[in-house]
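Now for the letters of each chain:
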Amino acid sequence: MALAHSLFEGSFSVDASKKFIPFDPTIHRAIDRPSSMFIHVHPFLIETSDGLVLCDTGLGLTDLDGELLLHKNIKKLGYETKDVKYVLMSHLHKDHAGGMVSFEEGAGRIAFPDAEYMVQRGEWEDAYSGINKSYRTEIFDVVQRSGNLHLIEGDGIINKEIRYNLSGGHTQYHQTFHIETGEKNYFFGGDVLPKPEEIFQNYSAKYDFDGRRSRELRKDYWNEGAPNDWIYLFYHSKTIAIGIPELQNDGRYTIINIK
Ligand SMILES: [Zn+2]
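All values derive from a computational prediction rather than experimental measurement.

**Student:** Explain the environment of Lys 133 to me, please; I cannot follow it from the model alone.
**Tutor:** Within the secondary structure layout, Lys 133 lies in the loop between α3 (121-128) and α4 (137-146). With relative accessibility at 54%, the residue Lys 133 sits in the exposed group. It is 8.7 Å that separates the C-alpha atoms of Lys 133 and His 93, two residues lying 40 residues apart in sequence. Not counting residues within four places of it along the chain, the set of residues in contact with Lys 133 comprises Ala 16, Ser 17, Lys 18 and Lys 94.

Have a look at this one:
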């Protein structure tokens, strides 16, 4: 039985305005979205002995009845949203933080009232100050008042199965997580390692706070994780969302889809 699930929220095109426009390849054409980047969004849900763990929360899109897609996708898998005990936030850009809260009937409420929201203190301060338009501060007002916010600093452990590392790279206070449960080691690299292809491309992204650091970290994550059977969770992947390393005949590792 799979213990980790993608809660795929959809695909989007994003242009210079930084708005996310839904993109469904069966309906829309890429050529009609000039100078856009295409982005795919996968929050992840992992079963642990202490309850469900959510890794990032998507854009916070809702269906026509105003229900969060995130909640619907969790229920579709047969779980209840109240069983989410930890919400692990790699960083707070709006495509990761939207589902921290829900705005049903106009009022903002915390989306997972039974969960602790684990956020790096520096990331929280940058996000709340509205340092750039990648953050949506109206979300953070709700989170701030909820009592569910748990600010963490640097590296540490949350419980015997979850640990966090201040990585920097994508944002100054971006963090990554390991969830070690049922003899599996899930690695959530957030936007430092958002796509499997980036493992094998030696480039640094200009939208990163520190692109060179992200690039070096990606190498470290692969060199350490591949021989140790880490299970990689790729938040923005078009192809493999949950991947495992596989040794090839030439002695190198590739990454394959887990089912
Ligand atoms: Zn980001």
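**Student:** Would you mind going over the pairing of strand β10 (residues 116-120) with me for this structure?
**Tutor:** For a regular strand, side-chain orientation follows a simple rule: the groups alternate between the two sheet faces. Of all five residues making up β10, four are buried, and the element is well covered by its neighbours. Note: strand β7 (residues 84-88) against β10, three bridges, orientation parallel. For Leu 88, the partnering residue across the bridge sits in β10 and is Met 118. Taken together, the four bridges between β10 and strand β11 (residues 149-152) define a ladder with parallel strand orientation.

**Student:** Even after reading the chapter, I still don't get α4, so can you show me in this structure?
**Tutor:** Each full turn of the α-helix corresponds to 3.6 residues, which orients residues three or four apart in the same direction. Restricting attention to buried positions, one finds in α4 the residues Ile 139, Phe 140, Val 142 and Val 143. Down the axis of α4, the smallest arc covering the buried residues is 160°, so these residues share one side. Just downstream of α4, Gly 147 is the residue with a positive phi angle, here 80°.

**Student:** Mind showing me how you'd approach the coordination of the zinc ion here?
**Tutor:** Six octahedral donors around a metal ideally sit at 90 or 180 degrees from one another, while four tetrahedral donors ideally sit at 109.5 degrees. Taken together, His 91 (NE2), His 93 (ND1), His 170 (NE2) and Asp 191 (OD) make up the protein donors of the zinc ion, found 2.1 to 2.6 Å from the metal. One can describe the donor arrangement at the zinc ion as irregular, given that its four donor atoms subtend angles of 85 to 176° at the metal. Mapping the donors of the zinc ion onto the primary sequence yields the spacing H-x1-H-x76-H-x20-D. In this pair, His 91 is assigned in the loop between β7 and α2 (94-97) and His 170 in the loop between β13 (162-166) and β14 (175-181), connecting sequence segments 79 residues apart. Residue class for His 91 comes out buried when judged on its relative accessible area of 1%. Under the relative-accessibility criterion, His 170 is labelled buried at 6%.

**Student:** Would you take a moment to explain unusual backbone geometry for this structure?
**Tutor:** Keep in mind that most residues, glycine aside, have a negative phi and that most peptide bonds are trans. The phi dihedral of Glu 183 is positive, around 65°, even though this residue is not glycine. Considering the arrangement of structural elements, one finds Glu 183 in the loop between β14 and β15 (184-188). Phi is positive for Asp 229, which is not a glycine, with a value near 60°. Tracing the backbone shows Asp 229 in the loop between α5 (211-225) and β16 (230-233).

**Student:** Would you mind showing me how to read the layout of surface pockets here?
**Tutor:** Over the atoms rolls a probe the size of a water molecule, and in doing so it shows where empty space is left. By volume, the largest pocket amounts to about 820 Å³. If you trace the largest pocket, you find 34 residues lining it, with Met 37, His 93, Ser 134, His 170 and Tyr 207 closest to the centre. For the lining of the largest pocket, the elements supplying multiple residues, two or more each, are β4 (37-41), α2 and α3. For the lining of the largest pocket, the residue count by class is 13 nonpolar, nine polar and 12 charged.

Rules behind the numbers
Residues numbered from 1 in each chain as written. Predicted model: local features only at pLDDT ≥ 70, side-chain atom pairs only at ≥ 80, totals over all residues. Heavy atoms only, no water. Helix = DSSP H or I, 4+ residues; strand = E, 2+ residues; numbered from the N terminus. Buried < 20%, exposed > 50% of the residue type's maximum accessible area, 1.4 Å probe, protein only. Contact = heavy atoms within 4.5 Å. Pairing = 2+ DSSP bridges. Arc of directions from axis to C-beta. Donors = N, O, S within 2.8 Å, 3.2 Å for Na, K, Ca; no water. Tetrahedral: all angles 85-135°; square planar, octahedral: opposite > 155°, others 65-115°. 1 Å grid on protein atoms, 1.4 Å probe; cavity = no way out; pocket = protein on both sides within 12 Å on 5 of 7 lines; lining within 4 Å. Points joined across faces, edges and corners; volume = space filled by probe spheres on them. Nonpolar A, V, L, I, M, F, W, Y, C, P; charged D, E, K, R; others polar.

Read these as geometric descriptors, not functional statements.
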